Amino acid sequence: MSALRLALWGWLGLAVALPLGIVVALSVGTGAEGVPPVRWPWEEGASLDAWRLMAEDDVVLLALWRSLVVAGTTAGLCVALAFPMALGLLRAAPRWRPLLLALVLLPFLSGFLLRVAAWIGLLRDSGWINALLIAAGLIEEPLRLLGTDLALYLGMVHAYLPFALLPLLAWFAKRDTRLEEAAADLGAGPFTVFRTVTLPLAWPAAAGAFLLVFIPAAGEFVIPELLGPPDAMLAGRAIWSEFFGTRDWPFAGALATALLLVLLIPILAQQRSGLK
Amino acid sequence: MRRLLMLLALLLAAAPLRAQPPVLNVYNWADYIDPYAIERFQRETGIRIRYDVYDSLETLEGKLSAGRSGYDIIVPTSEPTFARLVRAGALRPLDMARIPNARNLDPALMRRIAGVDAGNRHGAIYLWGTVGLAMRADRIRQLAPDAPLDSLALLLDPRHASRIARCGIAVMDSAMDVLPSVLRFLERDPNSIASDDLQAAQRALLAIRPHLRSVTASPTIVDALAAGEICLALTYSGDAIQAGARAREARRDFAITYAAPREGAQLWFDVLAIPADAPNPDAAHAFINFLLQPEIMAGITRQVRYPNAVPASIPLLPAELREDRGIFPDEATLARSFVAGTPDAAGERARSRVWNRFKAGR
């Protein structure tokens, strides 16, 4: 037991506290010429310049806000799609179930970047969708698909759907179906059963699935960068460009810490409400 | 990024195994060498080359910033990366006695980078080029018949940009490669980081922002140009020429041409250099010396369509490359061109604010 506990604390210390500490230390360091391009706070004293700069910069604050909006929308869409998919999977004939599940999970066996590249190939002006529509005579000029919010959400939902689907599937599989049967026996139609029994029971699982998508999606930067509109400056992308482009490590550290703080709010809220 | 992390992990894992056959770790731009040169170097020297690529200076600097990259040869751009690495002492001084072919380098070009590397002690020019306008001139003439094709006004004058927007305009996503040209167009110091200059550049960029289809990495621009999805881009000269070659190969019914802006083009040089902590500096010197041979350099220029700094290689090139003014700018263009500077950390911060605002369009 104590060995387990040691392992747990060791893991938390090494994989959580230490990196977090380094990022926070970066955010109060000062930029410098050299390798690495930063002076640590214990070398030249702490400075809140990066935090002050961030508080004044409406463009990065907007990026933080947009990240939350995009992550929330993605998580909402994923949960909304995962619900009927999970129910449909469980109601399918048992011999089809493994095949259907495999089909759902198959895309995730291919590389993540490969999938994004595939979307680019489909959506670009000279891509498959536009070529098809033009060949069918439905449009004359290619539609702008790539570099729009539509492309952004297609890519995001496609990438994050399993994070919502798998927990919901697990919950639906082990739920107590007797409650639904009882409701049906008492005369409720299928829709009423779903609305008054299944949905309220599934709510905590749905909230968990939402968070599982929301948190990684908020830091995503590859998909918005490759599929989204040029002004889709999200927090992940802003951190990347400050870290690598401007080589402003303190500013990047402050942004990363701010994103983390913002993400803590929904996590704490969920714990508070006792949902798991 | 995931790929980078994996590469990094592989590198770390592979480090202890590196002892037996000599290995040269080369980190170069993507699509930036003649594969034959690598093959021949390995055959002649018995040194095995492990070749890695990056597609932005940001990636290169990111990897070097952490220290102990494990690379023997890197190819940073003179301004700002090479300059910063020299200043930070992150490069190993070259032992010219081991690079006799360095005498093949054009002294006039080498002088252009001596400003950031006094006495050319840390680097030899590999390839170079300008920043300018890649375009489908046929479409632009239709949409904006009165627009000058060799001027930055084509892009930065909203009257022209708004008309060309219909067929797609892209700008590369790089403050350091775009802001100097914008400042030059505004008849200000291209390397200024003064706030009124940056404000002016920001106003000029925001004025054309609604007309831009994308602000993206240069390989994406090459791709979009070659596919006919855009018809004007501010990008590297070689990108335009590569896009043109790809469009020809795909038998497209249009041509991509390049114009170095008449206001004066930003010149850049990619420099062969050895990191201070390179594991195998001997092989790195041998590799630089090997590359600077006229016939090897001619092969590289033929392959990637960027000019090199070895004049003796030029007669070995086919006439259509030798005489292409997009590849080898004429004297007048070179005389008007300028070299971008390397601002300090505060200047970088100020430029980055302007750039983010431009990208966000507000």
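Residues numbered from 1 in each chain as written. Chains lettered and ligands numbered in written order. Predicted model: local features only at pLDDT ≥ 70, side-chain atom pairs only at ≥ 80, totals over all residues. Heavy atoms only, no water.

Student: Quick one: what's the story with the overall build of chain A, residue by residue and with numbers?
Tutor: Looking only at helices and strands, chain A has 13 helices and 2 strands in total. Principal-axis analysis of the C-alpha atoms gives chain A an extent of 75 × 65 × 35 Å. Going through the 276 residues of chain A one by one, you find that 41% of them count as buried. Restricting to contacts in chain A with at least 6 residues of sequence separation, those with at least 24 account for 68%. Accessible area of chain A: about 14800 Å², with a carbon and sulfur share of 72%. Seen as two clouds, the 18 positive and the 20 negative side-chain charges of chain A have centres 14 Å apart. (Helix = DSSP H or I, 4+ residues; strand = E, 2+ residues; numbered from the N terminus. Buried < 20%, exposed > 50% of the residue type's maximum accessible area, 1.4 Å probe, protein only. Contact = heavy atoms within 4.5 Å. Areas by Shrake-Rupley, 256 points an atom, 1.4 Å probe, with all protein chains shown as cover. Lys, Arg positive; Asp, Glu negative; His and termini not counted. Charge placed at Lys NZ, Arg CZ, Asp CG, Glu CD.)

Student: Could you give an account of the overall build of chain B, with specific residues and numbers?
Tutor: Summing up its helical and strand segments, chain B has 17 helices and 10 strands in all. Here the C-alpha radius of gyration of chain B, 20 Å, is about what a compact globule of 362 residues would show, namely 21 Å. Across its three principal axes, chain B shows a C-alpha extent of roughly 60 × 45 × 40 Å. Of all 362 residues assigned to chain B, the portion counted as buried reaches 60%. Counting only contacts in chain B whose residues sit at least 6 apart along the sequence, the fraction spanning at least 24 positions is 74%. Accessible area for chain B stands at about 14300 Å²; split by element, carbon and sulfur atoms hold 52% of it. One finds the centroid of the 44 positive side-chain charges in chain B at a distance of 4 Å from the centroid of its 40 negative side-chain charges. (Rg over C-alpha atoms; globule rule 2.2 N^0.38 Å.)

Student: Lay out the packing of aromatic side chains in plain terms, naming residues and giving numbers.
Tutor: Residues and elements named next belong to chain A. For the structure shown, the criterion picks out 21 aromatic pairs over all chains. For the ring pair Phe 83 and Phe 172, a centre distance of 5.5 Å and an interplane angle of 80° mean the geometry is edge-to-face. Residue Phe 83 is located in helix α4 (residues 58–91), and its partner Phe 172 is located in helix α8 (residues 149–174); the two are separated by 89 residues in the primary sequence. One exposure class covers both Phe 83 and Phe 172, and it is buried. Note on Tyr 160 and Phe 163: the rings are 5.6 Å apart at their centroids and 40° apart in plane angle, and the pair reads as tilted. Residue Tyr 160 and its partner Phe 163 are located together in helix α8, separated by 3 residues, close to a single helical turn. Here Tyr 160 falls in the buried class, since its relative accessible area comes to 6%. (Phe/Tyr/Trp six-rings, centres within 6.5 Å; stacked < 30°, edge-to-face > 60°.)

Student: Requested: an account of the packing of α4(A) against α8(A), with residues and values cited.
Tutor: Residues and elements named next belong to chain A. Closest axis-to-axis distance for the α4/α8 pair is 6 Å, and the angle between their directions is 50°. By the criterion of interaxial angle, the relationship of α4 to α8 is oblique. Between α4 and α8 lies a crossing of right-handed hand. The residue inventory of the contact of α4 with α8, partitioned by class, reads 25 nonpolar, 2 polar and 2 charged. (Axes fitted to C-alpha atoms, helices over the stretch in contact; angles between N-to-C directions. Parallel < 35°, antiparallel > 145°, perpendicular 65-115°, else oblique. Left-handed = near helix turned anticlockwise from the far one by under 90°. Nonpolar A, V, L, I, M, F, W, Y, C, P; charged D, E, K, R; others polar.)

Student: Could you give me a rundown of empty space enclosed by the protein, with the residues and numbers involved?
Tutor: All names here are of chain A. Inspection of the entire model under this criterion finds 3 cavities of 30 Å³ or more. There is about 50 Å³ of room inside the second largest cavity. If you go around the second largest cavity, the residues you meet are Phe 112, Arg 115, Val 116, Trp 119, Gly 155, His 158, Ala 159 and Ile 223. Top contributing element to the lining of the second largest cavity by residue count: helix α6 (residues 112–123), with 4 residues. For the lining of the second largest cavity, the class distribution of residues is 5 nonpolar, 2 polar and 1 charged. (1 Å grid on protein atoms, 1.4 Å probe; cavity = no way out; pocket = protein on both sides within 12 Å on 5 of 7 lines; lining within 4 Å. Points joined across faces, edges and corners; volume = space filled by probe spheres on them.)

Student: Requested: an account of the sheet that holds strand β1 (residues 23–29) of chain B, with residues and values cited.
Tutor: Strand-to-strand pairing in sheets goes through backbone hydrogen bonds, with the strands running parallel or antiparallel. Residue and element names in this part refer to chain B. Pairing within the open sheet is parallel, and its 3 strands lie in the order β2-β1-β3. At either end of the open sheet lies a strand with only one pairing partner, and these are β2 (48–54) and β3 (73–74). The pairing of β1 with β3 spans 2 bridges and is classified as parallel. Bridge assignment links Tyr 27 to a residue of β3, and that residue is Ile 74. Across the face of the sheet, helix α2 (residues 35–45) comes into contact with β1 and β2 while running at roughly 155° to β2. (Pairing = 2+ DSSP bridges.)

Student: Describe in detail the interface of chain A and chain B, supporting the description with residues and values.
Tutor: Counting residues at the interface gives 35 residues for chain A, matched by 31 residues for chain B. Summing both partners gives a buried area of about 3100 Å² for chain A against chain B, and 52% of it is carried by carbon and sulfur. Seen at the junction of chain A and chain B, the total is 10 salt bridges. Across the salt bridge formed by A:Arg124 and B:Asp223, the nearest N and O atoms sit 2.9 Å from each other. The interface formed by chain A and chain B includes 14 residue pairs in polar contact (both at pLDDT 80 or more). Among the elements of the structure, α3 (49–56), α4, α12 (235–245) and α13 (249–272) of chain A are those that each provide at least two residues to the side of chain A that touches chain B. Among the elements that line the side of chain A that touches chain B, the one with the most residues is α12(A), at 6 residues. Among the residues making up the side of chain A that touches chain B, the classes are represented as 16 nonpolar, 5 polar and 14 charged. (Buried area = accessible area lost by both parts, 1.4 Å probe. Salt bridge = Lys/Arg side-chain N within 4 Å of Asp/Glu carboxyl O. Polar contact = N/O pair within 3.5 Å; in protein donor to acceptor, adjacent residues only side chain to side chain.)

Student: Give me the packing of α12(A) against α13(A): which residues, what numbers.
Tutor: Residue and element names in this part refer to chain A. Between α12 and α13, the shortest axis-to-axis distance is 8 Å and the interhelical angle comes to 160°. Relative to α13, α12 is oriented roughly antiparallel. By crossing handedness, the relation of α12 to α13 is classed as left-handed. Packed against α12, whose contacting residues are Ala 235, Ala 238, Ile 239, Glu 242 and Phe 243, the element α13 presents Trp 249, Phe 251, Ala 252, Leu 255, Ala 256 and Leu 259 at the interface.

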